[in-house]
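Commentary on secondary and tertiary structure
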Amino acid sequence: MKQHLLHTPEGVRDIYQGECEKKLYLEDKLHNILKTYGYHPIQTPSFEFFDIFGKEVGTTKSKDLYKFFDREGNTLVLRPDITPSIARVAANYFMEESMPIRFCYKGNTFINTGSLQGRLKENTQLGAELIGDNTVDADAEILSMVVECLLHAGLKEFQLSVGHVGILQGMMEAAGFDEEEEDILCDLISNNNFFGVESFIEARHLDEGLKRLFGVIGRLYQSAEEFQAVRAAAGNYPKIQAAMEHLEKLQSLALLYGIDKYISFELGVMSSYKYYSGIIFHGYTFGSGEPIVKGGRYDRLLKHFGKDAPAIGFVIVTDQLMAALSRQHIDTPMEHLGQLVVYDEAHREDAVIYARKQRAAGCSVELILKAAGRTNADYEAYAKRRQIARVQFMDGNEPVKVF
């Protein structure tokens, strides 16, 4: 057999046995939390037309997409991001709906990146989108769902870093940066090179007050009160002022929801997704070098598909969350209730009838005809490897509880 047939391509992996069960259990648990907030499940295709994720949409770069062709020659892509697909659905099926629409989903996304650095090319995401509500109340609801999901997943220490696109955009507009200068600055910020940001700003002939505003990039504030001085310095810049007022209102609602201890404010936060237009946030915890949560407001995205409606959403990167839980030694509690029924030929009918009754009652039963040369201890060891709670021997022996 060719050896490469046993291996997966770079950037993807197999998930099996206990890990797979925990992942599915966790996904169902978190999905049910989203439904308690009134969000309705939705599924979109794993591949779509290229234009759904094109440059105009502001999502993943073309070179990082998995592209292929259908029989008619149309360019298709494996989805790198589920949000544009949800926007397409809202525009297609809910064009006339003027009231808020709530969707929740889980599915896999695909990024054909060359710089892996331990990242997967296929990731499972679980998330929610609130369409048709442009209020700060909608922003707070989304953050509350994120916090509740992470707490129910078992995390105790995590932080949501919340910012507003209007702050950095307002600074760059006030500075009069051209597109090239904006790209340089954004690259420095995305690489957390804040010394580079400082040098870049110092080299520009800017008003001293504006230079001080650029100094907030990379700083974390635990409450709205902490950046009052920044807001005062932004008095001459209406776009920055409006964004910071929005964050202050959001802070008061975070207190109301009881999630303020998990919120910090990062005024210069940004994303590689260009469709964000309001608040933007990332969730971090120990044991994960990547964000376990990403989200924000995208009030202009749906217009690309023909529906002018505000929207906000988030995704939990399930694989990153699972990795963080593992590294923090937080177990996903699962009750092992399955049975293994080992029978000999004389008890075949009894075993099948028993298994049918148990399955009809919702129990998991695995049947095995006892092989010559295998001992009861072999089957008990097998059950333990497979995390089967109970072994029933239908050969005259008593059942054995493994867990």
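For the structure given in this document, a descriptive report is provided here. These figures come from a predicted structure and were not determined experimentally. (Residues numbered from 1 in each chain as written. Predicted model: local features only at pLDDT ≥ 70, side-chain atom pairs only at ≥ 80, totals over all residues. Heavy atoms only, no water.)

Considering the packing of aromatic side chains
Tallied over the entire structure, the rule returns nine aromatic pairs. A centroid spacing of 5.6 Å and a plane angle of 75° characterise the contact between Phe177 and Phe200, whose relative ring orientation is edge-to-face. One end of the pair, Phe177, is in the loop between α4 (165–175) and α5 (179–190); the other, Phe200, is in helix α6 (residues 194–202), and 23 residues separate them in sequence. Considering the side-chain rings of Tyr273 and Tyr276, the 6.4 Å spacing of their centres and the 35° angle between planes classify their relative orientation as tilted. Both residues of the pair, Tyr273 and Tyr276, count as buried. An aromatic cluster of three or more residues is present, and its members are Tyr273, Tyr275, Tyr276 and Tyr298. (Phe/Tyr/Trp six-rings, centres within 6.5 Å; stacked < 30°, edge-to-face > 60°. Helix = DSSP H or I, 4+ residues; strand = E, 2+ residues; numbered from the N terminus. Buried < 20%, exposed > 50% of the residue type's maximum accessible area, 1.4 Å probe, protein only.)

Some points on the environment of Ile82
Note on placement: Ile82 falls in the loop between β4 (75–78) and α2 (83–93). With sequence-adjacent residues up to four places away left out, Ile82 is seen in contact with Thr44, Tyr105, Gly107, Thr109 and Gln125. (Contact = heavy atoms within 4.5 Å.)

Quick word on the side chain of Thr60
Tracing the backbone through its elements, the reader meets Thr60 in the loop between β2 (47–49) and β3 (67–69). Its relative accessible area of 11% is what places Thr60 among the buried residues. Within the structure, the side chain of Thr60 is placed 3.5 Å from the side chain of Thr59, a separation counted as a polar contact. When neighbours within four sequence positions are excluded, Thr60 is seen to be in contact with Phe53, Leu65, Pro80, Ile111 and Tyr273. (Polar contact = N/O pair within 3.5 Å; in protein donor to acceptor, adjacent residues only side chain to side chain.)

Keep in mind these numbers describe shape, not what the thing actually does.
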